Amino acid sequence: MKKALCLLLTIALLFLCGCSKTEKGKVSEVFKSYLDRTDSFEAVVHEYGEEESTIMFGERLSVTVLHPKTDIASLDEAINGWVADLITYYQLEITDKEMENPAELTVVYNSYKSKRDIVSVEFTGIYCSEYLAHPENITKTFSADIRTGKLVGLSELMSEEKRELVKERLIEEFGILEKDIYSDLLSEWALTKDGLKIIL
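Model, not experiment: these values are computed from the prediction. (Residues numbered from 1 in each chain as written. Predicted model: local features only at pLDDT ≥ 70, side-chain atom pairs only at ≥ 80, totals over all residues. Heavy atoms only, no water.)

Moving on, we get to the overall build of the protein. If you tally the helices and strands in the protein, you get 3 helices and 10 strands. Listed N to C, the secondary structure of the protein is β-β-β-α-β-β-α-β-β-β-α-β-β in terms of helices and strands. Counting every position in the protein, which comprises 200 residues, the buried fraction comes to 38%. Sequence separation of 24 or more characterises 63% of the internal contacts of the protein that already satisfy a separation of 6 or more. Accessible surface, the protein as shown: approximately 11900 Å² in total, 52% of it carbon and sulfur. (Helix = DSSP H or I, 4+ residues; strand = E, 2+ residues; numbered from the N terminus. Buried < 20%, exposed > 50% of the residue type's maximum accessible area, 1.4 Å probe, protein only. Contact = heavy atoms within 4.5 Å. Areas by Shrake-Rupley, 256 points an atom, 1.4 Å probe, with all protein chains shown as cover.)

Next up on the list: the environment of Glu93. Along the chain, Glu93 turns up in helix H2 (residues 73–93). Judged by its relative accessible area of 22%, Glu93 is partly exposed. A distance of 3.4 Å separates a polar atom in the side chain of Glu93 from a polar atom in the side chain of Tyr131. (Polar contact = N/O pair within 3.5 Å; in protein donor to acceptor, adjacent residues only side chain to side chain.)

Working definition: an aromatic ring pair is given by the centre-to-centre distance plus the angle between the planes. Counted according to the given criterion, the structure contains 6 aromatic pairs. The interplanar angle of 50° and the centroid separation of 6.2 Å between the aromatic rings of Tyr109 and Phe123 together place this pair among those described as tilted. Of the two residues, Tyr109 is situated in strand E6 (residues 103–113) and Phe123 in strand E7 (residues 118–128); the sequence distance between them amounts to 14 residues. Like Tyr109, the residue Phe123 is buried in the burial classification. Geometrically, the ring pair formed by Phe123 and Phe142 is edge-to-face, given 6.2 Å between the ring centres and 85° between the ring planes. With a gap of 19 residues between them, Phe123 in strand E7 and Phe142 in strand E8 (residues 136–145) connect regions that are remote in the sequence. One exposure class covers both Phe123 and Phe142, and it is buried. One aromatic cluster is present, built from ring pairs that chain together Trp82, Tyr109, Phe123 and Phe142. Over the aromatic face of Tyr131 sits the side chain of Lys97, whose NZ or CZ is 4.9 Å from the ring centroid. For the cation-ring pair, Lys140 lies above Phe142, with the distance from its terminal atom to the ring centre recorded as 5.5 Å. (Phe/Tyr/Trp six-rings, centres within 6.5 Å; stacked < 30°, edge-to-face > 60°. Lys NZ or Arg CZ within 6 Å of the ring centre and 35° of its normal.)

Let us now look at the pattern of salt bridges. Counted according to the given criterion, the structure contains 7 salt bridges. We note a salt bridge from Lys197 to Glu122, for which the minimum N-O separation is 3.0 Å. Of this pair, Lys197 sits in strand E10 (residues 195–199) while Glu122 sits in strand E7, and the two are 75 residues apart along the sequence. Both residues of the pair, Lys197 and Glu122, count as buried. The salt bridge involving Arg169 is made with Glu173; its shortest N-O contact spans 3.5 Å. (Salt bridge = Lys/Arg side-chain N within 4 Å of Asp/Glu carboxyl O.)

We now examine the side chain of Arg163. Mapped onto the secondary structure, Arg163 falls in helix H3 (residues 160–174). Despite its burial, Arg163 pairs with no opposite charge; the closest candidate is Glu160, at 5.0 Å N-O. Within the local environment of Arg163, its side chain forms a polar contact with the backbone oxygen of Met158, the two atoms lying 2.8 Å apart. Setting aside chain neighbours within four positions, we find Arg163 in contact with Leu154, Ser155, Met158 and Leu186. (Lys, Arg positive; Asp, Glu negative; His and termini not counted.)

Looking now at unusual backbone geometry. Of note, the phi angle at Asp117 is positive, near 60°, even though the residue is not glycine. For Asp117, the location among the structural elements is in the loop between E6 and E7. Taking the relative accessible area as the measure of exposure, Asp117 reaches 27% and is therefore partly exposed.

The structure is reproduced here in structure tokens:
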């Protein structure tokens, strides 16, 4: 891997707005303003696969999940399993909740094809319900090698020494405190044409 690796750092937004619905079928103005600005945060990138969608309109949960259909069986299997588990998790989450309006789960994705024939899929989403003080952010990534058809982890692309250097850079750049460091800062990543993208 080239020494001059371009490191793209993306931090999940901390939502300071509430997600409660003011009237039946209407979201708060603060939350609506966020939805209206989402396209300005990052342009959609679909470099690999065909877009598919999972859409459900239930009395207690509305779901819109966009995901790619690729020609890599292991990648599709992992993505489809994650989508199914995600929907099941939030269906169970609201089982005993009293709500006037259905909760909403929305997930979109970017797909990248790197110069090393690595495909990465980055999911970002939001779960919003009136019983929550703030929306929940959703982040998940998957990567696979086009040549072998197998899923790949960052440890297969970078040595331990280089991964430690990336972690040190993250901690330094963003002033991350030791108490806030969880087990693996590099658990969610994507390899793009520009380099390595870490999602915190």
